[in-house]
Amino acid sequence: MKREEDWDKLTCDDIIKIIRNAGIVGLGGVSIPAHVKLSRGKGSGIDTLIINGCESEPYLTADDMLMKTYPFEVVTGIRIILKALGISRALIGIEDNKMAAAKKLTDAITETAPPEHISIVMLKTKYPQGAEKNIIYSLTGRKVPSKGAPADIHAAIFNIGTVHAVREAVVTGKPLFERYVTVSGSLIRNPGNYKIRIGTRISSVIEECGGLTGKPARIISGGPMSGYEIHDTDMPVTKETTGIIFLSRDQVYEGPFHPCIRCGSCVNVCPAGLMPCELGNGIEKMNSGSFDYMERLGIHDCILCGACSYVCPAKRPMSQYIKLALELPAL
Amino acid sequence: MTEQKGTSNLFLTVPPHIHSGGSIPRIMWSIAAALLPVIIYSSYLYGLIALGSILVSASSAVLAELMYSLLFKKPVTIKDGSAVVAGLLVALSIPAGAPLWLPALGSLFAVIASRLIFTGLGRNVFNPVLCSRVVMAALWPVYLKSGWNIFSENHMAAFQGEVYDKALNGITPALIKSLLLDSTGPAPGEASALMVLMGAVFLISRGIMKWRIPLAFMGTVAITAFVFCKAAGIPLAGACALATVFSGGTLFYALFMAADIITTPVTAAGMLAFGMGCGLFSFLIRFLAGWPEGVSYSILLMNGAVPLIDRYMRPRVFGA
């Protein structure tokens, strides 16, 4: 493509085809292919595009950086996705601790003056504000039904990283061979957001970032709330690597857990409206009769955000229990 | 969860990898700290005998817990503070002038009620302090009667009369000062509503207290008292209701016994229902049955209903 605006001449099918060929997936960590969301969403009654400008987890700042550094590119990306979906309304949800990013984006929207209706909504900074169902509810007041998808309530959702990658693919023709990754944690010498090629070994990332200042207790792929531990630094960066976090021993809890003391903290924080303590206690003494009970407690509505385990004073690994139970064939 | 990682790093940990830092000792020692204002004020008000009773009770509870751990070969958990809290609550709820063996035995009962019968912290269905109190009331009723205290019985009667006389003048600054700072009963926990409330505010600010329970409890007590006074034709029912809420041990029980972490519902709606139930039963027992220990029994009764409440008052699942 010759000029930035030339994408406007493409049809929606062309756009979806470019996105598919570029191998673009959701870059917020879940990695759903973007063209699937777009082609399913087209003509299915979707009226609003939600742009997730909240980071999915603490420590991660790549989306914030993208909004601050490439606000015009982000706006173009949003317009491309709107065109692919055949709609003209987009809401960008940004947490209120990212005021600089919101300002840059507002300026970019004003300057671009797009014919579409793109607006920014400031959201309270809290975890998990960036979780799909929660941000859609925060922005539109619509609740994705239990076991349902955003399309059920006429919404499509993309995060900032994906939007930026879509713009690069459609305007510059660049396939998704690299992504922005937050390299952070107290033990890395030069933390920051890096553009890293897919397939780069974690050990090379460590080297490029100035090395480690000590032996990390855990190396996390993703965020510290729901990311997984890396067992070998020869593992590669993938399309779903939102961050690489090096945690020291004093940042993690390693110790025993206790019986539930029924404090209710997990019920209070659960964004899915579940009773994690009941689920955890039930799974602990799992027997064939309890599957039904788990179902009725809504185990399938758990988004595995980890908030319950995070607040639990008895340090109970409830979110892990739920994850394990969900993998059982009986559920 | 707890395996030590070797060089091969084959033992992986599970998310979340970070923790809020909340812990059982933090909760228990915060509760102990929240009881400090009322402990200090009651020691000043009732004299050193109150402090002595509190110290005996707390050390007895710790000792009983230690014995239990050693006898049954369980990990020693006295550092988590739960025994200290149980001991403090026992001492604060029995008359300050009672002989010192009473708080000592009371704490022992409380530890038995939580550890021996229900196998440990978190598993007890009934509030151990109230269990112990009910046992004491059955075995040695004479010491728990409000008459048994360092003041004379006449003094108490005169005092109660004074509160209600003030109430009959309407809600005046004098009434409020008297309700907040004056002792309303023989137990150190009843020394001052203000001190008890200060502890509660501290706990709520640390996010530890299940505040919905005392709110619903005292709200129900106030409303039922108001309606009762109106129905009985007592003038200035509002002032009477206020006096009912702040005098007597009900406030202390609502904040530190009914809102106990372990023996109460975990859901927001459940906590409100639990508090209302406590309030309603307290009213029924106090005004219509006239037993002593009305508040203790109403809380224990609701403790028994907690599994039911948790089952039927679940939060709404997102999107369901």
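In this text the structure is predicted, and so the values were computed from the model without any measurement.

Here we come to the sheet that holds strand β1 (residues 48–52) of chain A. Residues and elements named next belong to chain A. Ordered in space as β3-β2-β1-β4, the four strands form an open sheet in which the pairing is parallel. Pairing within the sheet leaves two strands with one partner each, and these edge strands are β3 (117–123) and β4 (155–159). Averaged over neighbouring strand pairs, the angle between their axes works out to 25° when direction is ignored. Where strand β2 (residues 89–95) meets β3, seven bridges bridge the pair, whose relative direction is parallel. Pairing of Ala 90 across the sheet is with Ile 118, part of β3. Its contacts with the sheet place helix α4 (residues 71–85) against β1, β2, β3 and β4, and it is angled at close to 150° to β1.

Our next topic: the side chain of Glu55(A). All names here are of chain A. Its location among the elements puts Glu 55 in the loop between β1 and α3 (62–69). Here Glu 55 occupies a buried position and makes no salt bridge, while the nearest side chain of opposite charge, Lys 98, is found at 5.3 Å. Among the polar contacts made by the side chain of Glu 55, one reaches the main-chain amide nitrogen of Asp 64 at a distance of 2.8 Å. Leaving out residues up to four positions away in the same chain, Glu 55 has contacts with Leu 60, Thr 61, Ala 62, Asp 63, Asp 64, Glu 95, Lys 98 and Gly 130.

Before going further, it helps to examine the interface of chain B and chain A. Facing the 39 residues of chain B at the interface are 56 residues of chain A. Both sides together, the interface formed by chain B and chain A hides about 4,000 Å², and carbon and sulfur atoms give 60% of it. Taken as a group, His17(B), Ile18(B) and Phe318(B) account for 21% of the area that chain B buries against chain A, more than any other trio of residues on that side. For Asp310(B), the salt bridge is made with Arg262(A), and the minimal N-O distance between the two is 2.7 Å. On inspection of chain B and its partner chain A, the count reaches 17 residue pairs in polar contact (both at pLDDT 80 or more). Put simply, the parts of the chain that give the side of chain B that touches chain A at least two residues each are α1 (24–34) and α15 (294–312) of chain B.

All names here are of chain A. Under the domain assignment, chain A is made up of domain 1 (4–172), domain 2 (178–251) and domain 3 (265–326). A separation of 25 Å is found between the C-alpha centroids of domain 1 and domain 2. On the side of domain 2, 19 residues touch domain 1, which itself brings 17 residues to the contact. Interface area, domain 1 with domain 2, both sides summed: about 1,500 Å², of which 60% is carbon and sulfur. Taken as a group, Glu 57, Tyr 59 and Leu 60 account for 38% of the area that domain 1 buries against domain 2, more than any other trio of residues on that side.

Moving on: helix α5 (residues 99–112) of chain A. Residue and element names in this part refer to chain A. Over its 14 residues, α5 runs 20 Å from end to end, which matches the ideal 20 Å to within 8%, given 1.5 Å per residue. When α5 is considered as a whole, its buried residues turn out to be Ala 101, Ala 102, Leu 105, Ala 108 and Ile 109. Looking straight down α5, one finds that the buried residues subtend no more than 125° of arc, so they occupy a single side. Opposite its buried face, α5 presents the exposed residues Lys 103, Thr 110 and Glu 111, each directed more than 90 degrees away. Its buried side turned inward, α5 meets α3, α4, β2 and β3. Taken from the residues just after α5, Ala 113 is the one with a positive phi, measuring 45°.

The subject of this paragraph is the domain arrangement of chain B. Residue and element names in this part refer to chain B. Along its sequence, chain B is organised into domain 1 (24–145) and domain 2 (153–185 + 210–312). At the interface, 25 residues of domain 1 touch 18 residues of domain 2. Interface area, domain 1 with domain 2, both sides summed: about 1,800 Å², of which 71% is carbon and sulfur. It is Asn 127, Leu 130 and Val 134 that lose the most area in domain 1 upon contact with domain 2, and together they represent 28% of the buried surface on that side.

Once that is clear, we can look at the pattern of salt bridges. Residues and elements named next belong to chain A. As enumerated under the stated definition, the model contains 16 salt bridges over all chains in all. One salt bridge connects Arg 79 with Glu 116, and the closest N-O pair in it is separated by 2.9 Å. With Arg 79 in helix α4 and Glu 116 in the loop between α5 and β3, this pair connects stretches of sequence that are 37 residues apart. Accessibility classification places Arg 79 together with Glu 116 in one group, the buried group. Between Glu 178 and Lys 174 there is a salt bridge, with its nearest N and O atoms 2.8 Å apart. Among the residues examined, Glu 178 registers a relative accessible area of 12% and is labelled buried. Each of Glu 168, Lys 174, Glu 178, Lys 195 and Arg 197 takes part in one network of salt bridges that share partners.

What counts as what
Position labels on residues start from 1 in each chain and follow its written sequence. Key to labels: chains lettered from A, ligands numbered from 1, both in the order written. Confidence filtering applies because this is a predicted model: local features only for residues at pLDDT of at least 70, side-chain atom pairs given and counted only at 80 or more, and all residues used for totals across whole chains, interfaces and linings. Hydrogens and water molecules were not included; the side-chain quantities draw on all heavy atoms of the structure. When DSSP finds two or more bridges between a pair of strands, those strands are recorded as paired. Starting at the N terminus, helices and strands are each numbered in turn, a helix being any DSSP run of H or I of at least four residues and a strand any DSSP run of E of at least two. Axes here refer to lines fitted to C-alpha atoms; in helices the fit is confined to the stretch in contact. Angles between the N-to-C directions go from 0 to 180 degrees. Any two residues whose heavy atoms approach within 4.5 Å at even a single point are treated as in contact. Categorising residues by exposure relies on relative accessible area from a 1.4 Å probe, with only protein chains included: less than 20% of the type maximum marks a residue as buried, more than 50% marks it as exposed, and the intermediate range marks it as partly exposed. Residues scored as positive are Lys and Arg, those scored as negative are Asp and Glu, and His as well as the terminal groups of each chain are ignored. When a carboxyl oxygen of Asp or Glu lies within 4 Å of a side-chain nitrogen of Lys or Arg, that pair is called a salt bridge. Polar contacts, as used here, are pairs of N or O atoms within 3.5 Å; protein pairs need one atom able to donate a hydrogen and one able to accept it. Residues neighboring in sequence count only if both atoms are side-chain atoms. The buried area of a pairing is the accessible area, by a 1.4 Å probe, that goes missing from both parts when the two are put together, added over both. For the domains described, the bounds stem from an automatic or database domain assignment. Expected span of a helix: the number of residues minus one, times 1.5 Å. Throughout, the arc means the angular range of directions from the helix axis out to the C-beta atoms.

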